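Chain and residue survey
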Amino acid sequence: MLLSKKALSRRTLLRGFGSALALPALDAMVPALARGAAKAAPLRMAFVYVPNGIVMKHWTPEAEGRDFALNGALEPFASVREQIMVLSGLTQNNGRALGDGPGDHARAAASYLTGFHPRKTEGADIHNGISVDQVAAQAIGQATRFPSLELGLEGGGLVGNCDSGYSCAYTNSISWRSEQTPLPPELNPRAVFERLFGDGELHDRATRLKLAKQDRSLLDFVLEDAFKLRRSLGVTDQLKLDEYLGSVREIEHRIQIAEKQDIENRNDKSNDPSMPKPAGVPVTFEEYARLMFDLMTVAFQTDSTRVATYLVAREGSNRTYRSIGVPDAHHGISHHMGNQEKIDKLAKINRLHAELFAGFLKRLQSLPDGDGTMLDHTMIVYGSGLSDGNAHAHDDLPLLLAGGANGAFKMGRHVRYPKETPLNNLFLSLLDTAGVKAESLGDSSGRLPRLTDLTA
């Protein structure tokens, strides 16, 4: 019997005025002759960066192998334990001074994904290496609408001196397209949403104002297309589509609430004008972080991109965390000089960041994707370019590898490597797993062993 029914294109968009809504993977996108076979899912790669180091005694497990304890900052990962690997002993040597004197925070951020020692300058002659995410994006980015996605919760300008003679471009960016082209993260949730779901018309100010006055959702304009598509889908795909549209609408609603609160706050003369932030950012840090993680999730879910970076805060950040009882500046308390009260506060910040990232992993784990979940088909590095922030140490970095990586790695372990093992060896292994050919990256000395076997 011939099967003539055509599969729905993976690039199908729901269109309407100002909207071009990409779809998640549906069964209808699998060719009819392949319906009985395993459904292939794309492999995604992401890097989540936290600044100012971590209290290592609350991070590094004592035991190696599968029997390591999740304590301190690792406790939030209990429910995804089998999908993480704690990596110890890795070093980013080019974050060190190497004769350039102070500036460890700038070098930590600039070298983290590049493995390159940035040129010490606050002028236009910045010079760094290409970051691992961009090596991947240049190789596989043509398969998606966006080669890569750069998100963040704190940033700044790209000019001027931000750390002991180092340009702000180094502290405010972890992604580098070329030696002189940093890719600063997008901080505005609305801008990310419209990039993912707008069709270009929304960049016109008059159009945006018109939609705002109508108080309408972008989804309102694609409903006709959505209803037509839904009628042609099977029951399972209908449920997937409904859940997806509901999640997009919920994200947009949270952005709208943040924008309304932002207007109210800007009209409130009692607010501190010395603490500026992008328009439309949620009031609480926690909601802001979750919203941006959710935007990354839908970007992966719709295969809009397969490569992303997420800057939780810029290196040297002085953000405060009053919601968890830390009114002190983050960078300030990272230089604790052994003061236990400051160490305890720093540990609270580390724990909060870990909880938010763990929530992102749980969300990916809850979403069906091909023959598994989205987390099964993703590999994510979480960590910092400093270990001990008080000492500005660039060795034995706090690193977590998360996700199933399409079954490539044996997860659920703590693996300790010899001291001074280049972090860039890990990145080369990730590129190999993604099918990206790269002979070297920064000061790499080869591929990182023991990722694919159960020997600790």
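Refer to the structure printed above.
Each value, and the rule that gives it
- Residues numbered from 1 in each chain as written.
- Predicted model: local features only at pLDDT ≥ 70, side-chain atom pairs only at ≥ 80, totals over all residues.
- Heavy atoms only, no water.
- Helix = DSSP H or I, 4+ residues; strand = E, 2+ residues; numbered from the N terminus.
- Buried < 20%, exposed > 50% of the residue type's maximum accessible area, 1.4 Å probe, protein only.
- Areas by Shrake-Rupley, 256 points an atom, 1.4 Å probe, with all protein chains shown as cover.
- Axes fitted to C-alpha atoms, helices over the stretch in contact; angles between N-to-C directions.
- Parallel < 35°, antiparallel > 145°, perpendicular 65-115°, else oblique.
- Left-handed = near helix turned anticlockwise from the far one by under 90°.
- Contact = heavy atoms within 4.5 Å.
- Nonpolar A, V, L, I, M, F, W, Y, C, P; charged D, E, K, R; others polar.
- Pairing = 2+ DSSP bridges.
- Salt bridge = Lys/Arg side-chain N within 4 Å of Asp/Glu carboxyl O.
- Expected span 1.5 Å × (residues − 1).

When its secondary structure is counted, the protein shows eleven helices and 15 strands. Expressed as a percentage of its 456 residues, the buried residues of the protein come to 55%. A total accessible area of about 19100 Å² is found for the protein, and carbon and sulfur atoms account for 53% of it.

Moving on to the packing of helix α8 (residues 285–301) against helix α10 (residues 340–366). Relative orientation of the contacting elements α8 and α10 amounts to 30 degrees, with a least axis distance of 10 Å. Regarding the angle of α8 to α10, the classification is roughly parallel. Considering the relative orientation of α8 and α10, their crossing is right-handed. Across from Phe285, Glu286, Ala289, Arg290, Phe293, Met296 and Thr297 in α8, the residues of α10 making contact are Leu352, His353, Leu356, Phe357, Phe360, Arg363 and Leu364. Residue composition of the contact of α8 with α10, by class: nine nonpolar, two polar and three charged.

All right, on to the sheet that holds strand β14 (residues 399–402) then. The seven strands lie next to each other as β5-β10-β3-β13-β14-β4-β15, forming an open sheet whose pairing is mixed. Among the strands making up the open sheet, the edge pair consists of β5 (149–152) and β15 (413–422). Pairwise comparison of adjacent strand axes, ignoring direction, gives a mean angle of 20 degrees for this sheet. Relative to strand β10 (residues 307–311), strand β3 (residues 44–49) runs parallel, the two sharing five bridges. The residue of β10 that forms the bridge with phenylalanine 47 is threonine 309. The strands touched by α8 within the sheet are β3, β5 and β10, with β10 carrying the most contacts at an inclination of about 175 degrees.

The element β3 is extensively covered by neighbouring structure, given that six of its six residues are classed as buried. Burial along β3 is two-sided: the face carrying Arg44, Ala46 and Val48 and the face carrying Met45, Phe47 and Tyr49 are both buried. Two elements, β3 and strand β13 (residues 378–383), share six bridges in a ladder whose sense is parallel. Paired with valine 48 across the strands is tyrosine 382, a residue of β13.

This brings us to unusual backbone geometry. The phi torsion at aspartate 303 lies on the positive side, around 55 degrees, for a residue other than glycine. Judged by relative accessible area, which is 2%, aspartate 303 ranks as buried.

Our next topic: the pattern of salt bridges. Pairs can form between side chains of opposite charge whenever their charged atoms are close. One pass over the structure, following the stated rule, counts 21 salt bridges. One salt bridge connects aspartate 369 with arginine 44, and the closest N-O pair in it is separated by 2.7 Å. Of this pair, aspartate 369 sits in strand β11 (residues 368–369) while arginine 44 is found in strand β3, placing the two residues 325 residues apart along the sequence. Take arginine 44: its relative accessible area is 0%, and that puts it in the buried class. Three or more residues joined by partner-sharing salt bridges are found here, namely Glu250, Arg254, Glu287 and Asp294.

Along the chain, the position of aspartate 237 falls in helix α7 (residues 235–267). Discounting residues that sit within four places of it in the chain, aspartate 237 has contacts with Leu26, Asp27 and Ala28.

Time to look at α8. Along its 17 residues, α8 runs 24 Å from first to last C-alpha, staying within 8% of the 24 Å computed at 1.5 Å per residue. Within α8, 14 of the 17 residues are buried, leaving the element largely enclosed by the surrounding structure. Just downstream of α8 lies aspartate 303, where phi reads positive at about 55 degrees.

Within an α-helix, residues lying three or four positions from one another point in the same direction, as the helix has 3.6 residues per turn. Extensive coverage of helix α2 (residues 132–140) is indicated by the burial of seven of its nine residues. Here α2 has its buried residues at Val132, Asp133, Gln134, Val135, Ala136, Ala137 and Ile140. In this structure, the buried residues of α2 make contact with β3, β5, β8 (176–178), β10 and α11 (423–433).

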